[in-house]
Amino acid sequence: MTIKAAIKDGLFGANKQHRFAVSKISEVSNTEPGAFSPGCLKFKVAGTPATVIENPASGGDKADLCTFYYSSSDKKKVRQLVEAVKAAMPQ
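Engineer: Hey, could you go over the sheet that holds strand E7 (residues 67–70) for me, with residue numbers and the actual values?
Structural biologist: Pairing is antiparallel in the open sheet, where three strands are placed in the order E3-E4-E7. Only two strands of the sheet have a single neighbouring strand rather than two, namely strand E3 (25–31) and E7. The average angle at which neighbouring strand axes cross in this sheet is 10 degrees, direction not considered. Bridging between strand E4 (residues 39–45) and E7 involves four bridges; their strand directions are antiparallel.

And the structure:
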């Protein structure tokens, strides 16, 4: 199983494509959105470059290619994704 993600580099910038195999994930953490803060989904992936998106879309937080911020409207989908990834991760 492979996770494919695209992170917008700036409001009008190009998407930075990133793929990683679930077999390389050693840890998944999910901080759900609060009243005034977005949710944060982080994957710890072996061999991933430490590239940081310097100009995130809509003034969002700077993050590496394995960190994703999301809104409360996506909370249920992210929970399901985390469960599926954890089930597919190597034991």
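Engineer: If you had to explain the pairing of E4 to someone new, which residues and values would you point to?
Structural biologist: Here E4 lies mainly inside the structure; five of its seven residues are buried. Here E3 runs beside E4; their pairing, made up of six bridges, is antiparallel. Looking at the pairing, Thr 31 lines up with Cys 40 of E4.

Engineer: Please give an account of the pattern of salt bridges that cites residues and values.
Structural biologist: One pass over the structure, following the stated rule, counts one salt bridge. With its nearest N and O atoms 2.6 Å apart, the salt bridge here joins Arg 79 to Glu 32. Of this pair, Arg 79 sits in helix H1 (residues 75–88) while Glu 32 sits in the loop between E3 and E4, placing them 47 residues apart in sequence. A relative accessible area of 32% means that Glu 32 is categorised as partly exposed.

Calculation rules
Residues numbered from 1 in each chain as written. Predicted model: local features only at pLDDT ≥ 70, side-chain atom pairs only at ≥ 80, totals over all residues. Heavy atoms only, no water. Pairing = 2+ DSSP bridges. Helix = DSSP H or I, 4+ residues; strand = E, 2+ residues; numbered from the N terminus. Axes fitted to C-alpha atoms, helices over the stretch in contact; angles between N-to-C directions. Buried < 20%, exposed > 50% of the residue type's maximum accessible area, 1.4 Å probe, protein only. Salt bridge = Lys/Arg side-chain N within 4 Å of Asp/Glu carboxyl O.

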